[in-house]
Amino acid sequence: MIEVKNITKIYKSGNVETKALKDISFSISNGEFVAIIGPSGSGKSTLMHILGCLDAPTNGQYFFEGKDVSRLSDDELADIRKKKIGFVFQSFNLLPRATVLRNTVLPLAYANISKSERVEIAKKSLLSVGLDEKLFYHLSNQLSGGEVQRVAIARALVNNPTIILADEPTGNLDTKTGEIVLETFQTLNKQGRTVVLITHEKYIAEHARRTISLKDGEIIEDIVNHR
Amino acid sequence: MLITDLFEEAYLAIWANKIRSGLTILGIVIGIGSVIAMISIGQGATGSIETSIQSMGSNLITVMPGFQRTFSPVATGRGAAQTLAIEDAEAIAKEVPFVQAVAPELSRRYQVVAKGKNTNTQVVGTVASYPNVKNLEIEQGSFISEQNVRSQSKVAVLGPTTRNDLFGEGIIPIGETIRINGINFKVIGVTKSKGGTGFGSQDDMIFIPITTAQKFLAGADYVSTISVQAESSQLMAQVQTGITNLLLQRHNIANPEMADFSVLNQQDILGAVSSITNTMTILLAAIAGISLIVGGIGIMNMMMTTVTERTREIGLRKAIGAKRLDISLQFLAEAVMLTFLGGAAGIILGSGLAYGITFFTGMATKISSFSIILAFSVSAGIGIGFGYWPAQKAAKLNPIEALRYE
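Keep in mind the model is a prediction, meaning the values are calculated, not measured.

A.B. asks: Help me understand the overall build of chain B in this model?
C.D. replies: For chain B, the count of helices and strands is 13 helices and 10 strands. For chain B, the C-alpha atoms occupy an extent of roughly 105 × 55 × 40 Å along the three principal directions. The buried share of chain B, taken over its 406 residues, is 42%. When contacts within chain B are restricted to residue pairs at least 6 apart in sequence, long-range pairs at least 24 apart make up 81% of them.

In structure tokens form, the structure reads like this:
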């Protein structure tokens, strides 16, 4: 359902060209749990931006549900992000001074869903990531790190996305809460969600069922994890 | 995004920075408030000057003496000539078409005494048609009659202020005697108050027959002005020309530029005064408008800061599907809401100021719906104008860089 074909990404700054991705091809089918692993500078963030329709590749094609999205305009990409992609960030990126519920309904506001319906969907989503109902009306900056990241996951889920992209979701969490977040992803995957996890830690990548290793903009390994 | 969402977001963002938003709004409040106050002062002044000119009589044309032309090269100054006579007034009434009424006047200030009290006031010698020409009404007794004028009667009609000064308020002085310049006059009436104070108030006057004034007070047979009422405002210009031609002919003057009189049209005076007060209003509003522009720059400054501060938030919003338009509308809504709040408070402040000015100084002010509509559209315009650039800056942010922004 998503497929990248010979993708290259070149950054230019002045006269210097940096090849962040060199001719990468792979595909991810529905229901997979894939970890993309690599040291910093390996191109994994660039790859995530392209997979998340935040950036377009310099060369090559990106098929999202069979449709080539590599040459779409900014607003067309925004539409795909709105309807099909859920993001989870390392730094959570919740709106401070806004309640948990308000943060969670935000993507639905951009999708023009009615207000009453929004709240219902958001509450369901928050419960599905195991967040206590008592916290729904707390401000997001009053929550612990693990709770914040689960709110962010709930926010990523409200649009019923085709794919969830998590960029170092445990990077700002301690090992124990990190584990809880990773378990949340595993539960979601068991429910049939497609999850792509970007990380530089091997033990985190092992939570996924498949690992794609990047180095210097190239895939060096694409294996199925056995647990 | 729904419009209600936009305004909810804007409200929350403004509320989140109460002090900063408040100070920014204050700039707009002061700007709009001073524009409203200034326009209301200007329009109030225009209104009160116009009504006081109109209260002097409707469709009024005034003939005044000009320079006294003598054989010496020394001019005596406008108004000093003693060339207008009662016969001129009679001729105007008879020969110029579309004239409703004519009232010649001879006025001068005299010391007036009654029962030990005395005052110094304007004594107007005039004829029976004067009240019609000058929109004057009689409160008690009667005005000077034609018979009084013919027989040079020593009778006087008092203005209400003069009555108060000489006899006291609420007293009916009919039949009493007053002394003007040492000559006894019998009071036969009191005029109704027309309001207005200070120089030229028709409330502080004494009216006597013009013939009496000429014979016993001035000792000369000239008149100081002739007031002419035209039949309608459309005929003013025609009557004015008629009077000019007639008087030139009567005074044997061939060159109109050498005329020893001048004919003033009330409409011309009104127009001149209105144009002065309108210019004043515009000037005042323009000065106040400068503070509005400064307020607008304050809005822009705050929006720029907000956009920079919330770069990550903008990145996130874009990542979850906000389009450029969504982002720019959000920040525009915020700017417009700031200026609208400021505009509303400014209208209240400006109206309060105008009311306070009227209350404490007695100066007339007028808050027109025009100035309120103007203030509202200007404040909305400032919000859009000064918010546009920051909103565009936000909308154009690259989501990846915005998300990484520290």
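A.B. asks: Is there a simple way to think about the overall build of chain A in this case?
C.D. replies: Each helix and strand in chain A was counted, giving 7 helices and 10 strands. Computed over its C-alpha atoms, the radius of gyration of chain A comes to 17 Å, within 12% of the 17 Å expected for a compact globule of 227 residues. When its C-alpha atoms are laid out on the principal axes, chain A stretches across 50 × 40 × 35 Å. Across chain A, every contact between residues at least 6 apart in sequence was considered, and the portion connecting residues at least 24 apart equals 69%.

A.B. asks: I would appreciate a short explanation of unusual backbone geometry in the present structure.
C.D. replies: Leave glycine aside and you will find that most residues have negative phi; peptide bonds, for their part, are mostly trans. Residue and element names in this part refer to chain A. Phi is positive for Asp23, which is not a glycine, with a value near 55°. One non-glycine residue with positive phi stands out, namely Asn93, at about 55°. Mapped onto the fold, Asn93 is located in the loop between strand S6 (85-88) and helix H3 (100-110).

A.B. asks: Would you mind showing me how to read the domain arrangement of chain B here?
C.D. replies: When the parts of a complex come together, some accessible area is lost, and that lost area is often taken as the interface size. Segmentation of chain B into domains returns domain 1 (3-52 + 272-404) and domain 2 (82-259). Here the C-alpha centre of domain 2 of chain B lies 55 Å away from the C-alpha centre of domain 1 of chain B.

A.B. asks: Would you mind going over the environment of B:Asp88 with me for this structure?
C.D. replies: Tracing the backbone through its elements, the reader meets B:Asp88 in helix H3 (residues 86-95). Look past the residues within four positions of B:Asp88 in its chain and what remains in contact with it is B:Ile226, B:Leu247 and B:Arg250.

A.B. asks: What exactly am I supposed to notice about the sheet that holds strand S8 (residues 194-199) of chain A here?
C.D. replies: Residue and element names in this part refer to chain A. Spatial strand order, S6-S7-S8-S3-S9-S10: 6 strands in an open sheet with mixed pairing. Here the strands that pair on one side only, and so sit at the sheet edges, are S6 and strand S10 (218-224). Neighbour to neighbour, the strand axes of the sheet diverge by 15° on average, direction disregarded. Of the pairings in the sheet, the one linking strand S3 (residues 33-37) to strand S9 (residues 210-215) comprises 4 bridges and is parallel in character. The residue of S9 that forms the bridge with Ile37 is Ser213.

A.B. asks: Which parts of the structure should I look at to understand the packing of helix H4 (residues 115-128) of chain A against helix H5 (residues 145-157) of chain A?
C.D. replies: Residue and element names in this part refer to chain A. Packing of H4 against H5 leaves a shortest axis separation of 8 Å and a crossing angle of 130°. Relative to H5, H4 is oriented oblique. Like other packed secondary-structure pairs, H4 and H5 cross with a definite hand, here right-handed. Only Val151, Ala154 and Leu157 of H5 make contact with H4, whose side of the interface consists of Ser125, Leu126 and Ser128. Split by residue class, the contact of H4 with H5 holds 4 nonpolar, 2 polar and no charged.

A.B. asks: Explain the environment of B:Ile25 here, please?
C.D. replies: Residue and element names in this part refer to chain B. Take Ile25: it is sitting in helix H2 (residues 18-54). On the neighbour-count criterion, Ile25 (25 C-beta atoms within 10 Å) is buried. Remark: the alpha-carbon pair of Ile25 and Gly295, spanning 270 residues in sequence, is separated by 7.8 Å. The residues contacting Ile25, other than those within four sequence positions of it, are Leu338, Leu341, Gly342 and Ala345.

A.B. asks: Explanation requested: the nonpolar core in the structure shown.
C.D. replies: Grouped burial of nonpolar side chains is what soluble globular proteins tend to show. In this structure, A:Ile36, A:Ala152, A:Leu165, A:Val196 and B:Val35 are the most contacted members of the largest nonpolar core, which totals 117 residues. With sequence-adjacent residues up to four places away left out, A:Ile36 is seen in contact with A:Lys44, A:Leu47, A:Val196, A:Ile198, A:Ile212 and A:Leu214.

A.B. asks: Teacher, can you tell me more about the interface of chain B and chain A here?
C.D. replies: Across the boundary between the two partners, chain B contributes 18 residues, which contact 20 residues of chain A. Elements with a minimum of two residues in the side of chain B that touches chain A: helix H1 (3-16), helix H10 (311-319), helix H11 (324-361) and helix H13 (399-404) of chain B. The element best represented in the side of chain B that touches chain A is H10(B), accounting for 5 residues. Across the side of chain B that touches chain A, the residue classes break down as 10 nonpolar, 1 polar and 7 charged.

A.B. asks: Would you mind going over the pairing of strand S3 (residues 117-126) of chain B with me for this structure?
C.D. replies: For a regular strand, side-chain orientation follows a simple rule: the groups alternate between the two sheet faces. Residue and element names in this part refer to chain B. Here strand S2 (residues 99-114) pairs with S3 via 9 bridges, running antiparallel. For Gln111, the partnering residue across the bridge sits in S3 and is Asn120. Counting the residues in the hairpin turn of S2 and S3 gives 2 residues, including Lys115, whose phi is positive at 50°. Note: S3 against strand S8 (residues 205-209), 5 bridges, orientation parallel. Among the inter-strand pairings, Gly125 is bridged to a residue of S8, identified as Ile208.

The rules behind the values
- Per-chain numbering applies: the sequence of each chain, read as written, is numbered from 1 onward.
- Throughout, the order in which chains and ligands are written sets their labels, letters from A for the former and numbers from 1 for the latter.
- Where totals are concerned, whole chains, interfaces and linings use all residues; where local detail is concerned, this predicted model gives features only for residues with pLDDT of at least 70, and gives and counts side-chain atom pairs only at 80 or more.
- A run of DSSP states H or I qualifies as a helix once it reaches four residues; a run of E qualifies as a strand once it reaches two. Both are numbered from the N-terminal end.
- Think of it as a crowd count around each C-beta: if 20 or more other C-beta atoms lie within 10 Å the residue is buried, if 12 or fewer it is exposed, and in between it is partly exposed, with C-beta placed from the backbone throughout.
- With C-beta atoms placed from the backbone, a contact is any residue pair whose C-beta atoms sit within 7 Å.
- Radius of gyration means the value over C-alpha atoms here, while the globule rule gives 2.2 Å times the residue count to the 0.38 power.
- Each domain's extent is set by a domain assignment, obtained either automatically or from a database.
- At least two bridges found by DSSP between two strands are what make those strands a pair.
- Fitted lines through C-alpha atoms serve as axes, helices being fitted only where they are in contact, and the angles separating the N-to-C directions of these axes extend from 0 to 180 degrees.
- Roughly parallel covers angles under 35 degrees, roughly antiparallel covers those over 145, roughly perpendicular covers 65 to 115, and oblique covers all other angles.
- Note: crossing handedness is left-handed where the near helix turns anticlockwise from the far helix by less than a right angle, and right-handed where it turns clockwise.
- Three classes are used: nonpolar for Ala, Val, Leu, Ile, Met, Phe, Trp, Tyr, Cys and Pro, charged for Asp, Glu, Lys and Arg, and polar for all others, with Gly counted as polar.
- Put simply, a nonpolar core is a cluster of buried Ala, Val, Leu, Ile, Met, Phe, Trp, Tyr and Cys residues tied together by C-beta atoms within 7 Å.

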